[in-house]
Amino acid sequence: MKKFLFPALLSLLALTGTAQAKTISGRVVSIADGDTLTILAAGNKQERIRLAEIDAPESRQPFGQRSKQALVRMCGGKQAVAHVTDTDRYGRNIGRVVCDGVDTTVEQVKLGMAWVYDGYVKDRSLYQLQDKARKSKTGLWADPHAVKPLEWRKGKRPSEVATQAQNKEKAAAGAIRGNRNSMVYHLPHCGSYNAINPKNIRNFKTEADAKEAGYRKAGNCR
């Protein structure tokens, strides 16, 4: 094993606070997409690894193939060390993978080839790298309507996701509208949000504020 792999591996061990986690090393023989690869380990055993803490575009999703090729350039046919911390529901190992001294989780985020996986991230510094990639419009961030794989898998279109994000921003800015006549409050995505007579509008910062004032949620906001 090449000596330059060890400093990177030690830094990964420090992230989890334990040196007891499973370690897999060997040659990368297959790359399925931008966050999944297979290592040929000891005993000619193939170990499928899901890169931890990130979510790359699906193969048929915009930037899906570019994300895969980025990982191929990093790891294809190379020696790798995977620090495995868990397994997913498909039986894949989940871990941080180092190829030729490169932490693939970090590099995919820097290249704008994957999102930080909000529900599973432990290394908060990844968000700084993601923010930098977003600001510079690197990789998938060149598309202002890029959709996270989780939303893509649910079949949501970019326009739907963008609208939902805008509605959340409006709600966070105090755009919840109450109707003084009906004592009903409406969120930005509600069908009758813009139908309230301006003179009857009462704005609230949160739903809790509206409920405390005696308002109930509109039926078409469920």
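Look up: the structure comes first, before these words.
Now for a look at the structure at hand. Worth saying up front: this structure is predicted, and the values here are computed from it rather than measured.

Description of the overall build of the chain
Of the regular secondary structure elements, the chain holds seven helices and 12 strands. The proportion of buried residues among the 222 residues of the chain is 42%. Sequence-distant contacts in the chain: of pairs separated by 6 or more residues, those separated by 24 or more amount to 59%. For the chain, the accessible area works out to roughly 12,500 Å², and carbon and sulfur atoms hold 50% of it.

Observations regarding the pairing of strand β9 (residues 176-179)
Pairing analysis gives four bridges linking β9 to strand β11 (residues 201-204), with the strands arranged antiparallel. Across the sheet, the residue bridging to Gly178 is Arg202, located in β11. Judged from the three bridges that link them, β9 and strand β10 (residues 184-186) form a sheet pairing that is antiparallel. Bridge pairing in β10 places Asn179 opposite Val184.

Points about the sheet that holds β10
If you walk across this open sheet you meet the four strands as β11-β9-β10-β12, and the pairing is mixed. Strands at the two margins of the open sheet, each flanked by one partner only, are β11 and β12 (216-217). Summarising the sheet, β10 and β12 pair through two bridges and their orientation is parallel. Counterpart to Tyr185 in the pairing with β12 is Lys217.

Here's the deal with the pairing of strand β2 (residues 36-41)
With five of six residues buried, β2 is to be regarded as a mostly interior element. Two elements, strand β1 (residues 22-33) and β2, share five bridges in a ladder whose sense is antiparallel. Looking across to β2, one finds that Asp33 is bridged to Thr36. Between the antiparallel neighbours β1 and β2 lie two residues. In this sheet, strand β3 (residues 45-51) lies alongside β2 in antiparallel orientation, the contact comprising six bridges.

So, how was this worked out
- Counting starts from 1 at the beginning of each chain's written sequence and moves along it residue by residue.
- Selection of residues for local features in this predicted model requires a pLDDT of at least 70, selection of side-chain atom pairs for listing and counting requires 80 or more, and totals for whole chains, interfaces and linings are taken over all residues.
- Heavy atoms from the whole structure form the basis of all side-chain values; hydrogens and water molecules are not counted.
- A run of H or I in DSSP becomes a helix once it reaches four residues, and a run of E becomes a strand once it reaches two; helices and strands are each numbered from the N terminus.
- Only protein chains enter the area calculation, which uses a 1.4 Å probe; residues under 20% of their type maximum are buried, those over 50% are exposed, and those in between are partly exposed.
- Contacts are residue-level and defined by heavy atoms, with any inter-residue pair within 4.5 Å sufficient.
- In these tables, accessible area is a Shrake-Rupley quantity obtained with a 1.4 Å probe, and a residue counts as shielded only by the protein chains included in the view.
- Only strands joined by at least two bridges in the DSSP assignment are considered to pair.

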